[in-house]
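Structural characterization, general
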Amino acid sequence: MFAFLLASGAELVCAVVSMNNGRMIGPSIPALVYQPSSKPRGPVRISLSELMTYLAPKEKAEPVDFRSLLRMAPKQALPEPEPPAKEQPQPQSQPEKLPESPKVPPKQPEAPKPYVTVLMYHHLAPQPDPKYYGTTIDPEKFAVQMAYLRENDYYTPSLAELVDFLQGKTTLPPKSVMITFDDGYESNYIYAYPILKQYNLRAVIFPIGGGIRHKGIVRPGIPKLSDIQMQEMYASGLVEFGSHTFAMHDYHQGQPLLRIASTSEILADLQQVEEVFAAIGLPPAIALAYPFGQYGPEAQQACEEMGYQLAFTTRSGRTYSDTNPLQIPRKTVSGGLSVQQFADLVR
């Protein structure tokens, strides 16, 4: 026998079923007895006490687990939960605008600063001894170098043009090279001058005044230029002459004379150079090449008093528009340079 509860609305209905004799009794009030072998007689009402009496002698009812019965009861429809209130859209706060930083145009690469490369040569001799490569170059190599300058459109400015460049009065082509020779060797006329004419390149020669073969006077040592040779070269318009002092291309007690001489002594020496130039028919020099590249404040003062506008050193470097005109650097062309090394030198 088992019992179960049915929930219908607000009523609780109890039904008891006997599996031994096929009887089912319920609901308790009213109750229905059903006999499968007999015809149904309709519902019969009995009291609770009658139900208990009826059941007592038969078999003891098992305790009813009402919690399980409640789980078997039909579920009542629960009220639909109210939909959550829709949140009213909040106005989105606009982020605070930061002040725009000023637009800075991208930095343009600076244009290369204009400059002039000044080359320094001395003596030319066929197949020179490597011991003298610092001051001597083979004429064939010199020709190759001059050809390189011409083929690559290098410009060779005059002394006056270099002065104007340093004073900001003019600009020079980007590839400008000044060719200079120190000491005034005769080889400048024999070897260099024909090559300069061949490629139409200009040059400046700084002869030692006391070494010039003037009026046929022969000087000891490597032959120097004669006055006639200088006149011819100057008349071509390709060669200019500057001063290399008259007799201060020497040392005294291990010191270059131009560093230890007084301003008045240097002035007297430079004045002798001007006298020789005048005797040859050359204009006064406007430039000096310091012997051995050595100079002091006295030498610079003497240059200014002589009216020299340029003075050349042996310090390597380029000449820019703001270079001190009395301290112009030069690049030495040694006899051992290859063509590629020469190309790098003039850049």
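Okay, so let's go over this structure. (Residues numbered from 1 in each chain as written. Predicted model: local features only at pLDDT ≥ 70, side-chain atom pairs only at ≥ 80, totals over all residues. Heavy atoms only, no water.)

Each helix and strand counted, the protein has 10 helices and 15 strands in total. Across the 347 residues of the protein, 39% fall into the buried class. Put simply, 60% of the contacts in the protein that link residues at least 6 apart link residues at least 24 apart. Here the protein has roughly 21,200 Å² of accessible surface; of this, 56% comes from carbon and sulfur atoms. (Helix = DSSP H or I, 4+ residues; strand = E, 2+ residues; numbered from the N terminus. Buried < 20%, exposed > 50% of the residue type's maximum accessible area, 1.4 Å probe, protein only. Contact = heavy atoms within 4.5 Å. Areas by Shrake-Rupley, 256 points an atom, 1.4 Å probe, with all protein chains shown as cover.)

Now for the pairing of strand β8 (residues 203–207). Counted residue by residue, β8 has five buried out of five residues, so it is predominantly covered. In the classification by handedness, the crossover that spans strand β7 (residues 177–183), the intervening helix α5 (residues 187–199) and the parallel β8 is right-handed. Where β8 meets strand β9 (residues 239–241), three bridges bridge the pair, whose relative direction is parallel. Following the sheet pairing, Ala 203 is matched in β9 by Val 239. As for the winding sense of the linkage, the β-α-β connection from β8 through helix α6 (residues 227–235) to β9 is right-handed. (Right-handed = clockwise from strand over helix to strand, strands pointing away. Pairing = 2+ DSSP bridges.)

A few words on the pattern of salt bridges. A side chain of one charge can pair with a side chain of the opposite charge when the charged atoms of the two come close. All told, the structure shown has five salt bridges when counted by the stated rule. Two residues, Arg 202 and Glu 161, come together in a salt bridge whose shortest N-O distance is 2.9 Å. On the criterion of sequence distance, the pair formed by Arg 202 in the loop between α5 and β8 and Glu 161 in helix α4 (residues 159–166) is long-range, its members being 41 residues apart. For Glu 161, a relative accessible area of 23% corresponds to the partly exposed category. The salt bridge involving Arg 330 is made with Asp 182; its shortest N-O contact spans 2.9 Å. Pair noted here: Arg 330 is in the loop between β14 (319–320) and β15 (331–332) and Asp 182 is in strand β7, with a separation of 148 residues, a long-range link. Arg 330 sits in the buried class, given a relative accessible area of 0%. Taking the relative accessible area as the measure of exposure, Asp 182 reaches 3% and is therefore buried. (Salt bridge = Lys/Arg side-chain N within 4 Å of Asp/Glu carboxyl O.)

Right, let's talk about the environment of Ile 205 for a bit. Assignment of secondary structure puts Ile 205 in strand β8. Taking C-alpha positions, Ile 205 is 6.3 Å from Gly 184, a pair spaced 21 residues apart along the chain. If we ignore the near neighbours within four places in the chain, the residues touching Ile 205 are Phe 181, Gly 184, Asn 188, Leu 225, Met 233, Val 239, Glu 240, Phe 241 and Gly 242.

Time to look at the side chain of Asp 269. Mapped onto the elements of the fold, Asp 269 is located in helix α8 (residues 263–280). With near-sequence residues (within four places) excluded, Asp 269 lies in contact with Thr 245, Phe 246, Ala 247 and Met 248.

With that settled, consider the packing of helix α3 (residues 139–151) against helix α10 (residues 339–346). The interhelical angle for the contact between α3 and α10, taken along N-to-C directions, is 50 degrees, at an axis separation of 10 Å. In terms of orientation, α3 and α10 fall into the oblique class. As for the relative orientation of α3 and α10, their crossing is right-handed in sense. Mapping the contact onto sequence places Val 144, Gln 145, Tyr 148 and Leu 149 in α3 and Val 339, Phe 342, Ala 343 and Val 346 in α10. (Axes fitted to C-alpha atoms, helices over the stretch in contact; angles between N-to-C directions. Parallel < 35°, antiparallel > 145°, perpendicular 65-115°, else oblique. Left-handed = near helix turned anticlockwise from the far one by under 90°.)

Let's shift gears to α5. In a regular helix each residue adds 1.5 Å, so 13 residues correspond to 18 Å; α5 covers 18 Å between its end C-alpha atoms and thus fits that length. The sharpest bend along α5 measures roughly 35 degrees and falls at Tyr 193, with the proline Pro 194 sitting one to four residues further on. Here α5 has its buried residues at Ser 187, Asn 188, Ala 192, Tyr 193, Ile 195, Leu 196 and Tyr 199. Lining the buried residues of α5 we find β5 (123–124), α3, β7, β8, α6 and β9. Looking at the residues trailing α5, positive phi occurs at Asn 200, about 55 degrees. (Expected span 1.5 Å × (residues − 1). Bend = angle between axes of the 7 residues up to and from the residue.)

Although it is not a glycine, Asp 183 adopts a positive phi angle of roughly 90 degrees. Structurally, Asp 183 is set in strand β7. The class of Asp 183 is buried, set by a relative accessible area of 7%. Backbone geometry at Gln 253 places phi at a positive 55 degrees, although glycine is not the residue there. Looking at the secondary structure, you find Gln 253 in the loop between β10 (251–252) and β11 (255–256).

Right, let's get into α3. A rise of 1.5 Å per residue sets the reference length of α3, with its 13 residues, at 18 Å; its end C-alpha atoms lie 18 Å apart and thus fit the reference within 8%. When we look at burial in α3, the residues that qualify are Pro 139, Phe 142, Gln 145, Met 146, Ala 147, Tyr 148 and Leu 149. Against the buried residues of α3 lie β4 (115–121), β5, β6 (136–137), β7, α5 and α10. Residue Asp 138 occupies the N-cap position of α3, its side-chain oxygen lying 2.8 Å from the main-chain nitrogen of Glu 140. Looking one or two places after α3, you find Asp 153, whose phi comes out positive at around 60 degrees. (Polar contact = N/O pair within 3.5 Å; in protein donor to acceptor, adjacent residues only side chain to side chain.)

These results come straight from atomic positions and should not be treated as a statement about function.
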